[in-house]
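Letter by letter, the chains look like this.
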Amino acid sequence: MSEAFFIPDDDRFVATELTRGPWDAGAQHAGPPAALLGRAIERFGARDDVQVVRLTFEILRPVPIATLELETTLLRGGRRVEVIGASLGSAGTEVMRATGVRIRTLDSPAGAEAPQGLEAALADGLEDRKVPPGPEHGEPLRFFPTKHGVGYNTAMEWRFVEGAFLEPGPATVWMRMRHPLVPGEEPTPLQRVLIAADSGNGVSSVLDWRQWLFINPDLTVYLHRPPEGEWVCLQARTTLEPAGLGLAESTIFDRAGPVARGLQSLFVAKRP
């Protein structure tokens, strides 16, 4: 088995079998390439005074398990706000792209209190932040049936405290990476969020996957603080409309509280 989701090859990345999604043996789950694009955006430039607060991914076509070219570019510069673009291509064809917003953080001395007025607002924001029961209270329930023994489903550890892959409706699941994104690197908090966030649609589907398609062509993640620890939790819900459209919404937690929100638009149709 591979040691990481991607193996660097000069300025390219070779996707391993750990990235494989459940529906096509030759295509990746969108979580690993989202994390790879996020890695490029958070590493862009030499600044250490900014935090990635929003990433929008467009999945232009199935991302193959193959060698990928990665490009990053500065779309908007600024002292307070930067917008970074990143793109993944395969054999000269763009397959997935991301736009990331980075905002400058406050430069407060270690141990200093929050500026006057901000401390009270922070306290008010702690309301309605009930953390789901931890992963030790969850169950490693069965993944969607696949014809391969290794993939994203085995590369991630899953613990459901509500719902299940094969049980329609809302779900709450803790997730942890079993392998690094690239060899020899500890995954960053942003990467841990992004590799999990695209699973919101799958875990909270409200239709029978054997009869229906519910495909997300995009993913947007708003991150208001980096998670702590290896585990992140998705509390996900899907809403459908009669026109064959849908929206999957995820609140993303660590053990201390919410850290992010994820949104996925959905194309819904009967399977051919």
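Whatever comes next refers back to the structure up there.
A quick note: this is a predicted structure, and the numbers were derived from the prediction, not measured.

**Q** An account of the overall build of the protein is requested, with residue identities and associated values reported.
**A** Regarding its fold elements, the protein presents five helices and 13 strands. In terms of C-alpha radius of gyration, the protein reaches 19 Å, essentially the compact-globule figure of 19 Å for 272 residues. In terms of its C-alpha atoms, the protein occupies a principal-axis envelope of roughly 60 × 45 × 40 Å. Counting across all 272 residues of the protein, residues that qualify as buried make up 47%. Of the contacts made within the protein by residues no fewer than 6 positions apart, 64% connect residues no fewer than 24 positions apart. Side-chain charges of the protein comprise 28 positive and 35 negative groups, with the mean position of each set lying 3 Å from the other.

**Q** Describe helix α4 (residues 189-197), with residues and values.
**A** Of all nine residues that make up α4, eight are buried, and the element is covered over most of its length. Along α4, the residues that are buried comprise Leu-190, Gln-191, Arg-192, Val-193, Leu-194, Ile-195, Ala-196 and Ala-197.

**Q** Before we move on, could you go through the environment of Arg-47 and cite the residues and values that matter?
**A** Among the secondary structure elements, Arg-47 is positioned in the loop between α1 (31-43) and β3 (50-59). Among all residues touching Arg-47, those that are not within four sequence positions of it are Gly-78, Arg-79, Glu-82 and Arg-104. A polar atom in the side chain of Arg-47 sits 2.9 Å from the backbone oxygen of Arg-79. A polar contact of 3.1 Å, which involves the side chain of Arg-47, links it to the side chain of Glu-82.

**Q** Hey, could you go over the packing of aromatic side chains for me, with residue numbers and the actual values?
**A** Between two aromatic rings, the relevant description is the distance of the centres plus the angle of the planes. Inspection of the entire model under this criterion finds six aromatic pairs. An angle of 40° between the planes, with centres 5.8 Å apart, marks the rings of Phe-143 and Trp-158 as tilted. You can see Phe-143 sitting in the loop between α2 (118-124) and α3 (152-155) and its partner Trp-158 sitting in strand β7 (residues 156-164), a full 15 residues away along the chain. Assigned by exposure class, Phe-143 and Trp-158 land together as buried. Geometrically, the ring pair formed by Tyr-152 and Trp-158 is edge-to-face, given 5.8 Å between the ring centres and 80° between the ring planes. Residue Tyr-152 shares its accessibility class with Trp-158, and that shared class is buried. Following the ring pairs from residue to residue traces out a cluster consisting of Phe-143, Tyr-152, Trp-158, Phe-160 and Phe-165. When the ring centre of Trp-23 is taken as origin, the NZ or CZ atom of Arg-271, which lies over that ring, is 5.5 Å away.

About the cut-offs
- Residues numbered from 1 in each chain as written.
- Predicted model: local features only at pLDDT ≥ 70, side-chain atom pairs only at ≥ 80, totals over all residues.
- Heavy atoms only, no water.
- Helix = DSSP H or I, 4+ residues; strand = E, 2+ residues; numbered from the N terminus.
- Rg over C-alpha atoms; globule rule 2.2 N^0.38 Å.
- Buried < 20%, exposed > 50% of the residue type's maximum accessible area, 1.4 Å probe, protein only.
- Contact = heavy atoms within 4.5 Å.
- Lys, Arg positive; Asp, Glu negative; His and termini not counted.
- Charge placed at Lys NZ, Arg CZ, Asp CG, Glu CD.
- Polar contact = N/O pair within 3.5 Å; in protein donor to acceptor, adjacent residues only side chain to side chain.
- Phe/Tyr/Trp six-rings, centres within 6.5 Å; stacked < 30°, edge-to-face > 60°.
- Lys NZ or Arg CZ within 6 Å of the ring centre and 35° of its normal.

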